[in-house]
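Structural characterization, general
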Amino acid sequence: MCTIVPISLTVGANRIIPTIAIPHPLGNPDLSIEEERKLRMSLVKRALAALQTNVTEQTVFKEE
Amino acid sequence: MEKIRVVHYINQFFAQIGAEDKAHVPPEIKQGVIGPGILLQKLLGDSAEVVATVFCGDNYYAEKSDVVSEEIVNMIAAYKPDIFIAGPAFNAGRYGIACSTACLSVAKKLSIPVVTGMFKENPGVEIGRGLYIIETANSAAKMKDALTAMVGLALKLVNDEEIGTPEEEGYLPRGVRENYFAEKIGAVRAVDMLLRKLAEEPYETEYPLPSFDRVPASPPIIDLKDRMIAVVTSGGIVPKGNPDRIESSSASKFGEYSLAGLDKLTSAGHETAHGGYDPVYANEDPNRVLPIDVLRQLEQEGVIGKLHELYYATVGNGTSVANAKKYGEDIAARLKEAAVSAVILTST
């Protein structure tokens, strides 16, 4: 899970989830606490879905 | 003769705007030189003039690179440059990516020569493959060496002189092959090389293998509800006080920490040791980097079997690829030992 996807591609990560921002990849201080937690949950769920997906090459799991 | 017009790109740090707290500033252009541009102008001498300097916050560029590149091209076009010089970025990852991205856009849109400089492990090297990137040391202490080589190459490019090999000019190999007539045929050269290798003498390969570390993707996990998931981060989240004293840059170690009894991370219990990004948001709520709160919820809801009781953290800032690989191997061995099925890695 990273904000700068090109770095993860360069270093060879196979399942990549783009995140929010460098200083807060899994959060957004501009949102309310509830909204922020909802955002974090959706990102982590996307990561869990990626772990359960078969990939044969480097794959970026973008928002659906 | 008219002077060669040079536009220089630097980041917010070298523009003397500020450090990580200013990494979000949008691009701006100013007439003349700023920061390392003073030395650049001195090295260029009388034949060329740095007419303008464009600068941008590293985070701002990294997060909006398409938009920023276009903005930068428009800004510098007004100064009618003959050549564009970016950096040097040394081992600063986001800065290196910004330099390469800016060079690619400028070369494409303005059709002028571009030169940048960075350390060979900078991720900007891969992004800028094909560009002239002068190989620099990994720290700004070698600014003069870096700029001297960049200026030498820049003047040759703008004057349309013949460019030598990467070794002669000091740039990183661009993946371009040139035909030439060799004195000996390939078979003879190959056997010569083999004999030198057998005699343990130095030899130079004619076809270096790419150094990317690629691993086949792991098979997907099934039955998530029965599996143990672990978290690992390069974002520097450590127990408050940083008990292992993990360095804020060029980390020499990683830490192994307990999550037992924690249903989330708090500003009272954890903080970031990372010196490469503004720590305010992570210190306020460390779950923004290491999402323990939602993973615990998913554990309680039975979506995942279990969250591993230990997590691993290091600081990715300026940490060498060789060290990072070593930590990764060690962490992976410990996770396997603990029967962890899958890992979520978070990076800043």
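In the block above lies the structure referred to throughout.
Now for a quick tour of the structure. (Residues numbered from 1 in each chain as written. Chains lettered and ligands numbered in written order. Predicted model: local features only at pLDDT ≥ 70, side-chain atom pairs only at ≥ 80, totals over all residues. Heavy atoms only, no water.)

**What about the side chain of B:Ser105?**
If you trace the backbone, B:Ser105 turns up in helix H4 (residues 93-110). Each residue touching B:Ser105, except ones within four places of it in the same chain, is listed here: B:Ser69, B:Val73 and B:Leu110. (Helix = DSSP H or I, 4+ residues; strand = E, 2+ residues; numbered from the N terminus. Contact = heavy atoms within 4.5 Å.)

**Quick word on the interface of chain B and chain A**
The interface of chain B with chain A comprises 41 residues on the first partner and 34 residues on the second. For the pairing of chain B and chain A, the buried interface totals around 3100 Å² over both sides, and the portion due to carbon and sulfur atoms is 65%. Put simply, chain B and chain A have four salt bridges between them. Between A:Arg37 and B:Asp293 there is a salt bridge whose closest N-O contact spans 4.0 Å. Our count for the chain B to chain A interface comes out at 13 residue pairs in polar contact (both at pLDDT 80 or more). If you list the elements that add at least two residues to the side of chain B that touches chain A, you get helix H2 (58-63), H4, helix H5 (123-127), helix H9 (280-284), helix H10 (292-300) and strand S13 (342-346) of chain B. Classifying every residue of the side of chain B that touches chain A gives 25 nonpolar, seven polar and nine charged. (Buried area = accessible area lost by both parts, 1.4 Å probe. Salt bridge = Lys/Arg side-chain N within 4 Å of Asp/Glu carboxyl O. Polar contact = N/O pair within 3.5 Å; in protein donor to acceptor, adjacent residues only side chain to side chain. Nonpolar A, V, L, I, M, F, W, Y, C, P; charged D, E, K, R; others polar.)

**A short note on the nonpolar core**
Counting 56 residues, the largest nonpolar core has B:Val6, B:Tyr9, B:Val54, B:Tyr61, B:Phe84, B:Val115 and B:Leu153 as its most contacted members. Per-element accounting of this core gives the leading share, eight residues, to helix H6 (residues 143-158) of chain B. Residues within four places of B:Phe84 in sequence aside, it is in contact with B:Val7, B:Tyr9, B:Val54, B:Ile76, B:Ala102, B:Cys103, B:Val106, B:Ile112, B:Pro113, B:Val114 and B:Val115. Formed by 42 residues, the second largest nonpolar core is a distinct cluster that contains A:Ala50, B:Leu259, B:Leu290 and B:Leu307. (Core = buried A, V, L, I, M, F, W, Y, C linked by side-chain atoms within 4.5 Å. Buried < 20%, exposed > 50% of the residue type's maximum accessible area, 1.4 Å probe, protein only.)

**What to know about the packing of helix H1 (residues 37-44) of chain B against H6(B)**
Residue and element names in this part refer to chain B. The contact between H1 and H6 brings their axes to 10 Å, and the two run at 50 degrees. Here H6 runs oblique to H1, going by the angle between their axes. The handedness of the crossing between H1 and H6 is right-handed. Here H1 contributes Leu-39, Leu-40, Leu-43 and Leu-44 to the contact with H6, which in turn contributes Met-143, Lys-144, Leu-147, Thr-148, Val-151 and Leu-155. Residues that form the contact of H1 with H6 fall into these classes: eight nonpolar, one polar and one charged. (Axes fitted to C-alpha atoms, helices over the stretch in contact; angles between N-to-C directions. Parallel < 35°, antiparallel > 145°, perpendicular 65-115°, else oblique. Left-handed = near helix turned anticlockwise from the far one by under 90°.)

Function cannot be inferred from these measures alone, as they are strictly geometric.
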